[in-house]
Amino acid sequence: MEDLLQYLFSGISIGSVYAVVAIGLSMLYRSTELINFAHGEFAMFGAMGLVTLWGQFKLPLPLAFVLTVAGVSMVGILFERFAIRPIKDPHPISLVIITVGASIVFRGVAMVVWGKDPVALPSFSSHGSIEIAGAVIVPQSLYIVAAALVLAGSLHLFFRYTLQGKAMTACAVNKKAAWLTGIPSARMGLFAVLISSGSGAIAGIFIAPVTMNTYDMGTMLGLKGFCAAMIGGLGSLWGAFAGGLLLGILECFGAGLISSGCKDAIAFVLLLLILYLCPGGLFAQKQADRF
Amino acid sequence: MDKKLVHNLLFIAVVAVTGMVVENIYLLQIMTFIGINTLLALGLNMLMGYAGQVSLGHGAFYGIGAYATAYLSGTLGISPWAALVCAIVLSVAVAFVVGRPTLKLSGYYLGMGTLGFGMIVHILFREAGSITGGASGFVGIPMLTLGPLSFEGGRNYFYLVWTVVFGAIFLCKRIIDSKTGRALAAIHGRENAAVALGVDAHALKLNIFMFSAALGAMAGFLYAHFVLFISPDSFGFMASVKMVTMVVIGGMANVWGALIGAVVITLLPEVLHGFADHEMIVFGLILMGVMIVMPQGLTQGVIERYARYKKRA
Amino acid sequence: MHGIRKEHENLLLQVKGLTKQFGGVKAQDNVSFGVEQGSVLGLIGPNGAGKTTLFNMITGVCVQDKGEILFNGHAIESMPVHKRVAAGIARTFQNVELFPGMTVLENVLVGMHVRLKSGFWGAIIRSPRVVKEERIAREKALEILEFTGLLSYADRIACDLPVGRQKTAEIARALATDPLLILLDEPAAGLNRIETQALGALICRIKEQGITLMLVEHDMGLAMEVCDKILVLDRGEAIALATPQQITNDQKVMDAYLGEEFQCLN
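Predicted model, so just to flag it, every value in this text is computed and none were measured.

Conventions we followed
- Residues numbered from 1 in each chain as written.
- Chains lettered and ligands numbered in written order.
- Predicted model: local features only at pLDDT ≥ 70, side-chain atom pairs only at ≥ 80, totals over all residues.
- Heavy atoms only, no water.
- Patch = residues over 30% accessible without salt bridge, like charges linked within 9 Å, V, L, I, M, F, W, Y side chains within 5 Å.
- Areas by Shrake-Rupley, 256 points an atom, 1.4 Å probe, with all protein chains shown as cover.
- Salt bridge = Lys/Arg side-chain N within 4 Å of Asp/Glu carboxyl O.
- Helix = DSSP H or I, 4+ residues; strand = E, 2+ residues; numbered from the N terminus.
- Buried < 20%, exposed > 50% of the residue type's maximum accessible area, 1.4 Å probe, protein only.
- Polar contact = N/O pair within 3.5 Å; in protein donor to acceptor, adjacent residues only side chain to side chain.
- Contact = heavy atoms within 4.5 Å.

S.K.: Help me out: how do you make sense of a nonpolar patch on the surface in this one?
M.R.: On the surface, M1, L4, L257 and I258 of chain A cluster together into a nonpolar patch covering about 480 Å² of accessible area. By the element assignment, I258 of chain A lies in the loop between helix 10 (237-257) and helix 11 (263-277).

Written as structure tokens, this is what we have:
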């Protein structure tokens, strides 16, 4: 029983990370129809940025946080500006290769800057772990869950109540119509990249203390984020959130009850099941195609 | 004489002479790898270039071919040639089972589905240690022999691989230049119109998926018996992406494009060894650069640029 | 809709109680009618009346919620599209859907797909039988191009032709499936008067070959000229099935649809 509860807690914690990664991917897709295979690398940059600014330079945590998110967002904007926008008639396959190429470049840069050895970071606070019915929760897990909730909540409010957010939603629904009503779709795309890379960095920052940080940690994280986004329905904010949590929980139960080696496979098995059974994701609305 | 036939014979002659002239074992090895990669690109090109279906998990079939022959001929000790047949049959069977539901998807969803499949197979290679040797790899793959002929030397293997490549190009051309090829192009162009004309799109996609899986397994077989040691990382996500890249860089829907893509993607890392730690960065930048400047692939891109240059001159 | 039962023997296509709903919209509401062998049936009705949906259900592109479709004496409502084409139903599209990058001849050859026996292995082995079949297919494709007046365009890229020729090429491609019934979805849309006249003549020649036709048409002149019977759809319901003369004299139809449109035209 304690075991099961422990799996649940760990699942929610890791699931929140997946949720944040998935939200970043999903929001970018919604606004620009771009699937960014370099998204995991933004998370890696987030973690590595924290390693340098907080771990090595001993900057105060909030300052390190802000600087890291800003820095990674800058990288995201440069990436959009110089790699995505110049393509006039983007074919999905070319975009896949360009973003994969970018992920290779980002990983290469990280390898040169931070080396190949994994780096560990201490938890954000030195509070002791909490025990509930025999299961242990480390404080960092709580921070991760809180961060995911705050991020998803503020994005929700942003899309619902701000003009900028509404304009982005309009762009996502129908780019041309939005453009005709005077919404600058290029700026909206840039804004989406900003949100996406920023949230990627946040995911990286919050898991940095609970994982070994290496230059190639982003690939798996990015792919798992995809699975989560697909499970919830590509383009949906809360779908991505729920997909991330579900994936994290199932993974921890799978690792605990079946085998830890197959943990990584669970995400992809789940992905295939979702694609076969309800391709639009768990929370998709049914829609009819018109010929 | 037929112009196409002349081109084909010329190509075969160039490869044959190259094999005879080159003495450097390292160069022969590189060219053998080019041949193996051409097989991979040819198979995927049939699926992506002609049928218009993306696969981000084709590394799985490459791996299935390699591991099947490794296990059958290495562990069980049966003849590698019998193992080849089993590897291809297994790969095609897997393609059938996976392709049936997956090929109903389209666009990014198809990409993600095949990606998921590729990752699952990759994880199986890593975790089924008793059969595959796990993450540390499989040692003890026997060398290929055919009667008195040994494929130990670089040159014999070079000829073996390229003979298979010629055969594969021949097969691909026959399929393209047939009723099936026309129907594939029709599906690629306008799927609903093709369906309305009675093309069973799903069955045809499945056929070509299985065909490309067979070529992938063939390449895996040749790879395994060439390097004699395989590990899961050769068949993971990056392997699948590398295959897609070869097809797209070379230019889709073009048999020779597959060859050019294979040449570029095989040679690039070798050339970039000089950059040492910066190799990854340069490789990624070249990849992005080519796609940004010539999204239609190098073959088409260079031809168009040359035509424009000539017009101006 | 009274005459149907008497002529039961001669009906090539018979639709009974076809119903289809998209969300809250009834695209087809209990539609029943029959098409006589060798006749031309026109389908008219305001936009959103369910004409294209009806075509999609007959060809199998979308599946009905309820109802039966009998074709040539067989129930086809649960057949996949390619089997229906093999059974003899061909169609053209409202927006031209020729295959990009292919010549007119190649487009027509794709149309022969269901009539050619050789498959995947045939392509690889390329036996004399396959070669012969391919040669005969080409000859037949050229015959069809001659019949439709496109012979001189055989080797041109289909999508580069003017719209009128493209529409004809689509009809040629549909003819290549060797159909018993051809469904034409707005064949005259985008054509000028001369092209429309040529189209009318082509439809009559296809009819002379013994092929049954159904067409959705907004060009009332053409519909009146070539159709033996006209079916009027309004908001998913079949409100009339009669000869063109009767339709123009039917006050109910005029009120529902034609009145407005005719006023606009005049």
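S.K.: Looking at this model, I keep getting lost on the side chain of Q28 of chain C. Mind explaining?
M.R.: Residues and elements named next belong to chain C. Inspection of the secondary structure assignment puts Q28 in strand 2 (residues 25-36). Overall, the relative accessible area of 0% leaves Q28 in the buried class. Among the polar contacts listed, one links the side chain of Q28 to the backbone oxygen of G50, at a separation of 2.7 Å. Apart from the residues lying within four places of it in its own chain, the contact partners of Q28 are L18, T19, K20, A49, G50, T53, L54, M57, L233 and G236.

S.K.: Help me understand the environment of E270 of chain B, please; the structure alone is not making it clear to me.
M.R.: Residues and elements named next belong to chain B. Along the polypeptide, E270 turns up in helix 12 (residues 255-272). Judged by relative accessible area, E270 falls into the partly exposed class, the value being 27%. Separated by 240 residues in the primary sequence, E270 and I30 have C-alpha atoms spaced 8.6 Å apart. Dropping the residues within four chain positions of it, E270 is found in contact with Y26 and I30. One polar contact links E270 to Y26, side chain to side chain, over a distance of 2.7 Å.

S.K.: Help me understand the pattern of salt bridges in this model?
M.R.: Here the idea is simple: oppositely charged side chains can pair when their charged atoms come close. Residue and element names in this part refer to chain A. Inspection of every chain in the model, using the stated rule, returns 19 salt bridges over all chains. A salt bridge links R85 to E80; the shortest N-O distance between them is 3.3 Å. Classification of R85 by relative accessible area gives partly exposed; the value is 30%. The exposure class of E80 is buried, given its relative accessible area of 8%.

Nothing here speaks to function; it is all geometry.
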